[in-house]
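Structural overview for review
Residue strings, one per chain:
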Amino acid sequence: LDRDLINPGGLIVVDNVLFRGMVGSEVRIKTQEEVDKMAVDERKTYQRHTKIAQALDDFNVRVAADPRTESLLLPVRDGLTIARRTETR
């Protein structure tokens, strides 16, 4: 939106915004003790997934708060966000 690539009324559709159920305020993050008990490969995967989930949570919050858009997050499977640009140029 900042680069004016989407016309007013244009849609942005983003898939997998709930990433394995790890995104949102109700998600329980594992304690450091729980992470330390994981096997090395499992720990790396969990840490990578946690970073992805945090980035998607930030994205969802920003889209919802952006006054230039109307947005809808559909909690189907891994989530789908549909945002429509509302402002005029």
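Notes on the overall build of the chain
What the chain contains, in helices and strands, is two helices and three strands. What you see in the chain, going N to C, is helices and strands ordered as β-α-α-β-β. Against the globule reference of 12 Å for 89 residues, the chain gives a C-alpha radius of gyration of 16 Å, more extended than a compact globule. Across its three principal axes, the chain shows a C-alpha extent of roughly 55 × 25 × 20 Å. Expressed as a percentage of its 89 residues, the buried residues of the chain come to 22%. Taking the contacts inside the chain whose residues are at least 6 apart along the sequence as the reference set, 61% of them involve residues at least 24 apart. When the accessible area of the chain is evaluated, it comes to approximately 6700 Å², of which 52% is carbon and sulfur surface. Averaging the locations of the 15 positively and 15 negatively charged side chains of the chain gives two centres separated by 4 Å.

Considerations on the environment of Leu5
By secondary structure assignment, the location of Leu5 is in the segment before strand E1 (11-15). Residue classification places Leu5 among the exposed positions, given a relative accessible area of 68%. On a C-alpha basis, the gap between Leu5 and Asp78 in space is 26 Å, while along the polypeptide they are 73 residues apart.

What to know about the environment of Gln47
By secondary structure assignment, the location of Gln47 is in helix H2 (residues 40-65). Linking Gln47 and Val17, residues 30 residues apart in sequence, is a C-alpha distance of 18 Å.

So, the sheet that holds E1
As summarised here, the arrangement of the three strands in space is E1-E3-E2, forming an open sheet in which the pairing is antiparallel. Of all the strands in the sheet, just E1 and strand E2 (69-74) have a single pairing partner and so form its edges. Averaged over all pairs of adjacent strands, the angle between their axes in this sheet comes to 15 degrees, without regard to strand direction. Each of E1, E2 and strand E3 (80-85) touches H2; the most contacted strand, E2, lies at about 140 degrees to it.

Notes on the pairing of E3
Alternating residues of E3 divide into Thr81, Ala83 and Arg85, all buried, and Leu80, Ile82 and Arg84, none buried. Taken together, the five bridges between E1 and E3 define a ladder with antiparallel strand orientation. Looking at the pairing, Val13 lines up with Ile82 of E3. The turn linking E2 back onto E3 is made up of five residues, and Arg77 within it adopts a positive phi angle of 55 degrees.

Thoughts on the nonpolar core
Counting residues in each nonpolar core, the largest one holds six residues, listed as Val17, Leu18, Phe19, Val23, Ala53 and Leu56. Apart from residues lying up to four places away in sequence, Leu18 is in contact with Val23, Leu73, Pro75, Asp78 and Gly79.

The rules behind the values
Residues numbered from 1 in each chain as written. Predicted model: local features only at pLDDT ≥ 70, side-chain atom pairs only at ≥ 80, totals over all residues. Heavy atoms only, no water. Helix = DSSP H or I, 4+ residues; strand = E, 2+ residues; numbered from the N terminus. Rg over C-alpha atoms; globule rule 2.2 N^0.38 Å. Buried < 20%, exposed > 50% of the residue type's maximum accessible area, 1.4 Å probe, protein only. Contact = heavy atoms within 4.5 Å. Areas by Shrake-Rupley, 256 points an atom, 1.4 Å probe, with all protein chains shown as cover. Lys, Arg positive; Asp, Glu negative; His and termini not counted. Charge placed at Lys NZ, Arg CZ, Asp CG, Glu CD. Pairing = 2+ DSSP bridges. Axes fitted to C-alpha atoms, helices over the stretch in contact; angles between N-to-C directions. Core = buried A, V, L, I, M, F, W, Y, C linked by side-chain atoms within 4.5 Å.

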